[in-house]
Amino acid sequence: MFDQIPTAFLFFAGAIALFALPQGRLRGALLLIVPVIAAWQVWGLELGSSHTVSFFNFELELMRVDKLSRIFGVIFCLAAFLGNLFAWHVRDTVQQVAALLYAGSAIGAVFAGDLITLFFYWEGTAIASVFLIWARRTEGAFHTGMRYLIIQIASGVILIAGVALYYRDTGSIAFENMTLGSLGTWLIFLSFGIKAAFPLLHNWLQDSYPAATITGTVILSAFTTKLAIYALARGFAGTEILIYIGVVMTLFPIFFAEIENDLRRVLAYSLNNQLGFMVVGIGIGSEMALNGTASHAFAHILYKALLFMSVGAVMFRTGTSKASELGGLYRTMPKTAMFCLVGAASISAFPLFSGFVTKSIILDEAAAGHMYIVWLALVFASAGVLSHSGIKIPFFMFFAHDSGMRPKEAPTHMLLAMGITAALCIAIGVYPAPLYALLPYEVDFTPYTTSHVVGQLQLLLFALLAFAILMRTGIHPPEVRAVNLDTDWSYRWLLPRMIRKIAGVVAALWNGILSFLTQRLKNIIAGLYHSHGPEGRMASTWPTGAMVIWLSVLLGATLIVSFFG
Amino acid sequence: MSKRETDPAKLPALGRMLLWVDKSGSATKITWALAVACGLLFLADFTFEKHGHFDVENLPGFFGAYGFVMFTGLILAAKGLRVLIKRREDFYGDKAVDREDYPDAGLEKVDHDV
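Note that this is a predicted model, so its numbers are computed, not measured.

Q: Whenever I open this one, the overall build of chain B confuses me. Can you help?
A: On a plain count of helices and strands, chain B comes out with three helices and one strand. Walking chain B from its N terminus toward its C terminus, one meets helices and strands in the order α-α-α-β. The C-alpha radius of gyration of chain B comes to 23 Å, more than 25% above the 13 Å expected for a compact globule of 114 residues. Its C-alpha atoms give chain B principal-axis dimensions of about 60 × 45 × 25 Å. Put simply, chain B has 114 residues, and 19% of those count as buried.

Below you can see the structure in the form of structure tokens.
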């Protein structure tokens, strides 16, 4: 019976059950228990099992359990647990319900065996997650949430349009590997691409994540984009264009992250860069490359959450996440600083940390495929990750200049959440075998070879040395309060102004035409008034004699006509 | 804000240990330690035979040089990019999150007792 319930429904039931409990520890406990039960269920499900229901004329496959969907299901449950633990102090029903519905929808989407089920959950993640932004309850967050929602819903609408066309072409709604070609598959690809933050479609990510609540961002960081990565891995593995899209994704955010002041936005750029590595893995499409993508998504969700937690904890105590305002916090928040450093080392892929054992699979596959330029770009991007996530986040928050702030250490539940996540990051790095066993395909890879370790350490330490030199010589750009333009400029600045401009032109034209027509109308009225008005010729009273004259003229004319006729 | 004097005895033990990094001369020591570590790693390249997929991988110190050069290039390029895309914080108006303070209801600003 228990394994007949789709995992997503456990979260939805939990969200309803929340209302029966008073705010406080009981609710906090429920928020933690639901992901644990779900994880236990996912763990116990037999591979290959499925659960279908009828929907109009379609058979919807609500649960398709295989190794690819299972690893994403497991990490999503884990992320929901850690996020809710970090949010233990939150007494906001909106955020609590949204967190459960959001996690549930993401897990539902991962287990969806057909494209229609996928669509429902796809939109579910969009609608549930926006409340984590709106829950900040400021005008800025409201507007940002609106922009986020429009883009996310658009992704869903494009998805269902693509699915309809795909169904017409193939007669199937099964969610299996597709080949790009028809309009339908391109639309589905585009829809996945929006959520995966492809270049130029990416900016919703950097716009919205820094606007969410402190705990909301931690939860947001785990699901939407990794769901898109899963969808791409399921639907478009081996699609070559993804290699190039992925490479661009790893590269451009590192430049933006370097000069961004809001550390949560730095992390959003860095998230974008990490997705790029996964997208490259999907594009390569070999079994090991897909293993690399799945394992990197797993490790990434943990260290990214850890980094967002550490910035969140600092924000919780100081009210800001801006690098220009922070610094020197290691004195009073040393534990948070240490956890942040673990996250930084993991994302930078230092040996013995999680990023190292997962990212190197993707890099190795690119090299094995003799993609020289791709490989060089990915190695460069790895150094770039170090610069913003490895150095900038911990350095400008906890070290650098003394901001004079002396905030108290993060509360216990936050330290606990960060501690567990940090422990997992290290555990995966030190002993990757259990993670490798979870991967979709057989793993044939040894991360800890001398050349791997020495090569990676060289890359990272020389880059660190470069940073030290640039810092000491004052060449490194300082952190300043500013915003940087990105593609959101087009719809936050340009579009409103264009609309205003066009509206101005249209209004001027309209007014011109209107006044021209009014003038004509006035002239006509004046003319009529002139001839037919009280003083007008046609309206003047004529003497009786005039009528007699005209009558005689008329009679005379009739006489002449009849005389000659 | 200016430098704030803090009684080290009142800091958490871990924070007190880390105070070392702000001592004068520590930054130089760290830089030198890094340089030495880099030198050792470069030498380590000669101690084993490399079987890279590409020829450049087999050059001694390739990853180090590549990391150093590309990192520096990245920082310089980012500085250049900043010239192009940096705007005032209120560029998107006062109703954007960049200009707002985070609502106090969601915070627990507590000072460490120093």
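Additional details are given in the paragraphs that follow.
Q: Whenever I open this one, the interface of chain B and chain A confuses me. Can you help?
A: Frequently, the measure chosen for interface size is the accessible area that the parts lose on association. Between chain B and chain A, the contact holds 66 residues from the first and 70 residues from the second. Residue assignment for the side of chain B that touches chain A shows that the elements contributing at least two residues are helix 1 (13–18), helix 2 (26–44), helix 3 (62–85) and strand 1 (86–87) of chain B. In terms of residue class, the side of chain B that touches chain A is made up of 37 nonpolar, twelve polar and 17 charged. Across two bridges, strand 3 (residues 483–484) of chain A lies against strand 1 of chain B in antiparallel orientation. Residue V483(A) lies in a different strand from strand 1 of chain B, and its bridge partner there is R87(B).

Q: Looking at this model, I keep getting lost on the domain arrangement of chain B. Mind explaining?
A: Looking at chain B, the domain boundaries give domain 1 (8–44) and domain 2 (60–101). The distance between the C-alpha centroids of domain 1 of chain B and domain 2 of chain B comes to 26 Å.

Q: Even after reading the chapter, I still don't get the pairing of strand 2 (residues 58–64) of chain A, so can you show me in this structure?
A: Each regular strand carries side chains that alternate between the two faces of the sheet. Residue and element names in this part refer to chain A. In the sheet, strand 1 (residues 50–55) pairs with strand 2 via six bridges, with the strands oriented antiparallel. Its bridge partner lying in strand 2, H51 is registered against M63. Joining the antiparallel neighbours strand 1 and strand 2 is a turn of two residues, in which F56 adopts a positive phi near 50°.

Q: Would you mind going over the confidence of the model for chain A with me for this structure?
A: When pLDDT drops low, the exact placement of atoms in the prediction is not to be read closely. Mean pLDDT over chain A works out to 94, with 100% of the residues at or above the 70 mark. Within chain A, the lowest mean pLDDT, 86, falls on strand 1 of chain A, and the highest, 98, falls on helix 16 (residues 412–430) of chain A.

Q: Got a minute to help me understand the domain arrangement of chain A in this structure?
A: In terms of domains, chain A is made up of domain 1 (237–485) and domain 2 (491–564). Centre-to-centre separation of domain 1 of chain A and domain 2 of chain A, based on C-alpha positions: 77 Å.

Q: How do you make sense of unusual backbone geometry when you look at a structure like this?
A: The phi torsion of most residues other than glycine is negative, and most of the peptide bonds are trans. All names here are of chain A. In the Ramachandran plot, L200 falls in the positive-phi region, its phi being about 75° despite a non-glycine side chain. Take L200: it is sitting in the loop between helix 7 (183–195) and helix 8 (203–208). Classification of L200 as exposed rests on a count of 12 C-beta atoms within 10 Å. Its identity as a non-glycine residue notwithstanding, L352 has a phi of 80°, on the positive side. The topology assignment puts L352 in the loop between helix 13 (334–347) and helix 14 (354–368). Owing to 16 C-beta atoms within 10 Å, L352 belongs among the partly exposed residues under this scheme.

Q: I'm lost on helix 2 (residues 25–44) of chain A in this one. Help?
A: Residues and elements named next belong to chain A. Compared with an ideal rise of 1.5 Å per residue, which puts 20 residues at 28 Å, helix 2 spans 28 Å between its outermost C-alpha atoms and is within 8% of the ideal. Every buried residue of helix 2 is accounted for by R27, G28, L31, V34, P35, A38, A39 and V42. Taken down its axis, helix 2 places every buried residue within 130° of arc, on the same side. Facing away from the buried side of helix 2 by over 90 degrees, the exposed positions are R25, L26, W40, W43 and G44.

Q: Looking at this structure, I do not really get the nonpolar core. What am I missing?
A: Soluble globular proteins: nonpolar side chains tend toward being buried together. Residues and elements named next belong to chain A. Core analysis: the largest hydrophobic core is formed by 209 residues, its most contacted members being F76, L232, L306 and A463. No other element matches helix 12 (residues 287–318), which puts 20 residues into this core. For F76, the contacting residues outside a window of four places in its chain are A103, A106, I107, V110, A222 and F223.

Q: Can you walk me through the packing of helix 7 of chain A against helix 9 (residues 214–235) of chain A in this structure?
A: Any two packed helices are characterised by how steeply their axes cross, that is the angle between the axes, and by the distance between the axes. All names here are of chain A. Viewed as axis vectors pointing N to C, helix 7 and helix 9 meet at an angle of 150°, and their least axial separation amounts to 8 Å. One finds that helix 7 runs roughly antiparallel with respect to helix 9. Between helix 7 and helix 9 lies a crossing whose hand is left-handed. Judged by residue contacts, I188, F192 and K195 of helix 7 engage T224, T225, L227, A228, A231, L232 and G235 from helix 9.

Q: Any chance you could explain the confidence of the model for chain B here in plain terms?
A: Residues and elements named next belong to chain B. Taken as a whole, chain B shows an average pLDDT of 89; of its residues, 96% reach a score of 70 or greater. In the model of chain B, helix 1 stands out as the element of lowest mean pLDDT, 90, in contrast to helix 3, which has the highest, 95. Under the prediction, the complex receives an ipTM of 0.94, its pTM being 0.92.

What counts, and where the lines are drawn
- Residues numbered from 1 in each chain as written.
- Chains lettered and ligands numbered in written order.
- Predicted model: local features only at pLDDT ≥ 70, side-chain atom pairs only at ≥ 80, totals over all residues.
- Helix = DSSP H or I, 4+ residues; strand = E, 2+ residues; numbered from the N terminus.
- Rg over C-alpha atoms; globule rule 2.2 N^0.38 Å.
- Buried ≥ 20, exposed ≤ 12 C-beta atoms within 10 Å, placed from the backbone.
- Contact = placed C-beta atoms within 7 Å.
- Nonpolar A, V, L, I, M, F, W, Y, C, P; charged D, E, K, R; others polar.
- Pairing = 2+ DSSP bridges.
- Domains from an automatic or database assignment.
- pLDDT = per-residue confidence, 0-100.
- Expected span 1.5 Å × (residues − 1).
- Arc of directions from axis to C-beta.
- Core = buried A, V, L, I, M, F, W, Y, C linked by C-beta atoms within 7 Å.
- Axes fitted to C-alpha atoms, helices over the stretch in contact; angles between N-to-C directions.
- Parallel < 35°, antiparallel > 145°, perpendicular 65-115°, else oblique.
- Left-handed = near helix turned anticlockwise from the far one by under 90°.

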